[in-house]
Amino acid sequence: MEKKKIDEDDSGPSSPKLVDRFGFIKPESSSSPDQLKRSKSTSGSEREERRVRKWRKMIGVGGSDWKHYVKRKPLVVKRRIRKGIPDCLRGLVWQLISGSRDLLLMNPGVYEQLVIYETSASELDIIRDISRTFPSHVFFQQRHGPGQRSLYNVLKAYSVYDRDVGYVQGMGFIAGLLLLYMSEEDAFWLLVALLKGAVHAPMEGLYLSGLPLVQQYLFQFDLLVKEYLPKLGDHFSQELINPSMYASQWFITVFSYSFPFHLALRIWDVFLYEGVKVVFRVGLALLKSCQDDLTKLPFESLIHALKNFPEEVMDPDTLLPLAYSIKISKRLEELKLEYEKVHGKEGQSIITRGKQKQLLERNGSSRHSKRFEKQKGESIQSPEFVKKIQSPEAVLLQKLSLRRHFSHRKAEYDKLDGSVTQSGQELQRRDSQLMSRHATS
Amino acid sequence: MAAYRAEDDYDYLFKVVLIGDSGVGKSNLLSRFTRNEFNLESKSTIGVEFATRSIHVDDKIVKAQIWDTAGQERYRAITSAYYRGAVGALLVYDVTRHVTFENIERWLKELRDHTDSSIVIMLVANKADLRHLRAVSTEDAKAFAERENLFFMETSALESLNVENAFSEVLTQVYHVVCRKALDVGGDPTALPKGQTIDIGKDDVSEVKKVGCCSA
């Protein structure tokens, strides 16, 4: 979708690149109308304003009323979220839904500590992927620019914070998506909330060794397709198509890897509140919308089609209602048990949420703490624990040394980056071209 | 050579996998070979990607069905399922990063654990255009390839150097293996019924569509 072929790219500095309202550079030959602009009629924008006012009232100043409101009217919240969180409030609301705000407030200074003082075994892996994450977005495109730097910091901090998981390819797209709506530190704590839990932990266990949860999701999805779309399911079986060929990205990045951004955002709104179920539902809705075409295609065209859904199918206002109409909760749970019955004997790969939590708490504080015990005499792992390590003096001291370390780390980053960059000069040349184009556009 | 043909117009269909550490250039090797494109702004591969291309070998059309896999260790649980039934493999490292060459041994073991012993493996030294950054010598790689009985080629997906050759060589060699096997099995390869799957690794994808003379 966002590919640019340098072989055929004119690379002419004269034509300024256009970006969409989310900051993604539009493909040059984009003839498709901007979905969002189209829906923005005058009455549409009035409706939008009313919506924002409702939301503001619901969350209160700085989110102060949120918890109360959710407790009192969970269904109203759910309904409003499904209609889409207003873009201007999205960053804040995501933090409220996930509970990451609380993590942040409980742990002042911890993020900086992780970024500055700790080293991660994944640093090189992260750096290698930085320029390969949302490469067509203006914020992340500039080499060593604020976008790439924040992305690196968040991913590195997380890889230190959760050494069992470390860094896994795919996380970058999630962190990247978050960074377009909030600060580095906020994005970090939201990542923690997703993977380790605050209110709930919709991605817990997803990136563990062996990707056990991804495997379980693919198993569940495979059977759901067969049950809900039997004709298509039969066709898939005949053509030897299985979900790992097309859907692993859906689960690993929650549609942020290659789907239209406005759709990804709407899915994320719901994902944060309702959890992974929405990924299954949207997946099934996509297949259902294209069922008639898909059943006609042979293997190769089928794989292609499953990675390139037509634009009209990906309109959130038609796709999402279809997704919500697909009821799968009960079946999803049953299929999970079925999967565990078959694969459970492999042991650790299947970790139920409850067990996992215990595991994290136990392991976490032993494994991690060793590093910290040496330095600080205290360990850092679970949010509860993390919050203890900072006294106001410590925070102040850290802040004082922040600048020094940042410049040191920057040099280190540049060195590492240089060693893994291919054709760095070419990239820089293109960056500066693009930057100047944005400046003029 | 290697004209692009209609999708279903082939004599043989071979499954090939692209494996190696993250960031060595697997996806760009694939896009260079199948679409003659190189993308400086490519995203890291999550899970698996897939592309095909047909080439001529002798007077036959051989179609390659190529699976490009995520390189990160964590993904092997998903990607290793794709080794099954592969008759060819490109085992890729980055000449500017020695560690990617060191890891070849592990990739090789992984590959051999999951595939038939007759699989054709090409060791691919990619990013050969970055001469000033080279960290792995041609001699070391050649010696390793000889020791392990692998084909070897230095490529640059960026400069389109040897990419065509690397894939073609793998496909040609697989073709010869298949022909030899057909001869071993039936004596006369033309005797195999049309559409029968050639048993090279208990494959569910690679197949021979139309068996003709194989006098290589």
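Residues numbered from 1 in each chain as written. Chains lettered and ligands numbered in written order. Predicted model: local features only at pLDDT ≥ 70, side-chain atom pairs only at ≥ 80, totals over all residues. Heavy atoms only, no water.

### What about the overall build of chain A?
Of the regular secondary structure elements, chain A holds 26 helices and zero strands. Split into buried and exposed, the 441 residues of chain A put 55% on the buried side. Of all intrachain contacts in chain A linking residues separated by at least 6 positions in sequence, the fraction that spans at least 24 positions is 75%. When the accessible surface of chain A is summed, it comes to about 20,000 Å², and 54% of that surface belongs to carbon and sulfur atoms. (Helix = DSSP H or I, 4+ residues; strand = E, 2+ residues; numbered from the N terminus. Buried < 20%, exposed > 50% of the residue type's maximum accessible area, 1.4 Å probe, protein only. Contact = heavy atoms within 4.5 Å. Areas by Shrake-Rupley, 256 points an atom, 1.4 Å probe, with all protein chains shown as cover.)

### Points about the pattern of salt bridges
A complete count under the given rule lists 30 salt bridges over all chains for this structure. We note a salt bridge from E274 of chain A to R82 of chain A, for which the minimum N-O separation is 2.8 Å. Pair noted here: E274 of chain A is in helix α16 (residues 261-274) and R82 of chain A is in helix α4 (residues 74-82), with a separation of 192 residues, a long-range link. R82 of chain A shares its class with E274 of chain A; the two are buried. Where E73 of chain B meets R106 of chain B, a salt bridge forms, and the shortest distance between an N and an O atom there is 2.5 Å. Of this pair, E73 of chain B sits in the loop between β3 (60-69) and α2 (76-79) while R106 of chain B sits in helix α4 (residues 104-114), and the two are 33 residues apart along the sequence. Overall, E73 of chain B belongs to the partly exposed group, its relative accessible area being 46%. (Salt bridge = Lys/Arg side-chain N within 4 Å of Asp/Glu carboxyl O.)

### Focus: the interface of chain A and chain B
Counting from both sides, the interface comprises 47 residues of chain A and, opposite them, 38 residues of chain B. In this structure, K63 of chain B engages E300 of chain A in a salt bridge whose closest nitrogen and oxygen atoms are separated by 2.8 Å. Residue assignment for the side of chain A that touches chain B shows that the elements contributing at least two residues are α8 (123-130), α13 (212-228), α15 (248-253), α19 (299-307) and α26 (424-440) of chain A. Per element, the largest residue contribution to the side of chain A that touches chain B is five residues, and it comes from α19 of chain A. By residue class, the composition of the side of chain A that touches chain B is 19 nonpolar, 15 polar and 13 charged. (Nonpolar A, V, L, I, M, F, W, Y, C, P; charged D, E, K, R; others polar.)

### Observations concerning unusual backbone geometry
Residue and element names in this part refer to chain B. Positive phi outside glycine occurs at D58, with the angle close to 55 degrees. Within the secondary structure, D58 is located in the loop between β2 (48-57) and β3. Not every positive phi belongs to a glycine, and S160 is a case in point at roughly 60 degrees. By the secondary structure assignment, S160 is in the loop between β6 (151-154) and α6 (163-186).

### Regarding the domain arrangement of chain A
Residue and element names in this part refer to chain A. Under the domain assignment, chain A is made up of domain 1 (51-83), domain 2 (90-201) and domain 3 (212-350). Averaged C-alpha coordinates put domain 1 and domain 3 at centres separated by 29 Å. With seven residues of domain 1 in contact, the opposing surface of domain 3 contributes seven residues. Together domain 1 and domain 3 conceal approximately 650 Å² of surface at their shared face, both sides included; 53% is due to carbon and sulfur atoms. In terms of surface lost to domain 3, no three residues of domain 1 exceed K78, I81 and R82, which account for 78% of the buried area on that side. For the interface between domain 1 and domain 3, the tally reads one salt bridge. When residues in the side of domain 1 that touches domain 3 are grouped by element, the largest group, five residues, is from α4. (Domains from an automatic or database assignment. Buried area = accessible area lost by both parts, 1.4 Å probe.)

### Quick look at the environment of R56 of chain A
Among the structural elements, R56 of chain A can be located in helix α2 (residues 42-59). A sequence separation of eleven residues divides R56 of chain A from K67 of chain A, and the C-alpha atoms of the two residues are 14 Å apart.

### Quick word on helix α12 (residues 184-196) of chain A
Residues and elements named next belong to chain A. Taking 1.5 Å of rise per residue, the 13 residues of α12 would be expected to cover 18 Å, and the 18 Å separating its terminal C-alpha atoms lies within 8% of that figure. Judged by how many residues are buried, α12 sits mostly within the fold: eleven of 13 residues are covered. Where α12 ends, the next residue or the one after it, G197, has phi of about 100 degrees, a positive value. (Expected span 1.5 Å × (residues − 1).)

### Observations concerning the confidence of the model for chain B
All names here are of chain B. Per-residue confidence for chain B gives a mean pLDDT of 85, with 81% of residues at or over 70. Predicted confidence for residues 1-5 stays below pLDDT 50, and this span has twelve contacts to residues more than four positions away or in other chains. Interface predicted TM-score (ipTM) for the complex: 0.84; the corresponding pTM is 0.80. (pLDDT = per-residue confidence, 0-100.)

### Looking at the side chain of N39 of chain B
Mapped onto the secondary structure, N39 of chain B falls in the loop between α1 (26-35) and β2. A polar side-chain atom of N39 of chain B sits 3.0 Å from the main-chain amide nitrogen of E41 of chain B. (Polar contact = N/O pair within 3.5 Å; in protein donor to acceptor, adjacent residues only side chain to side chain.)

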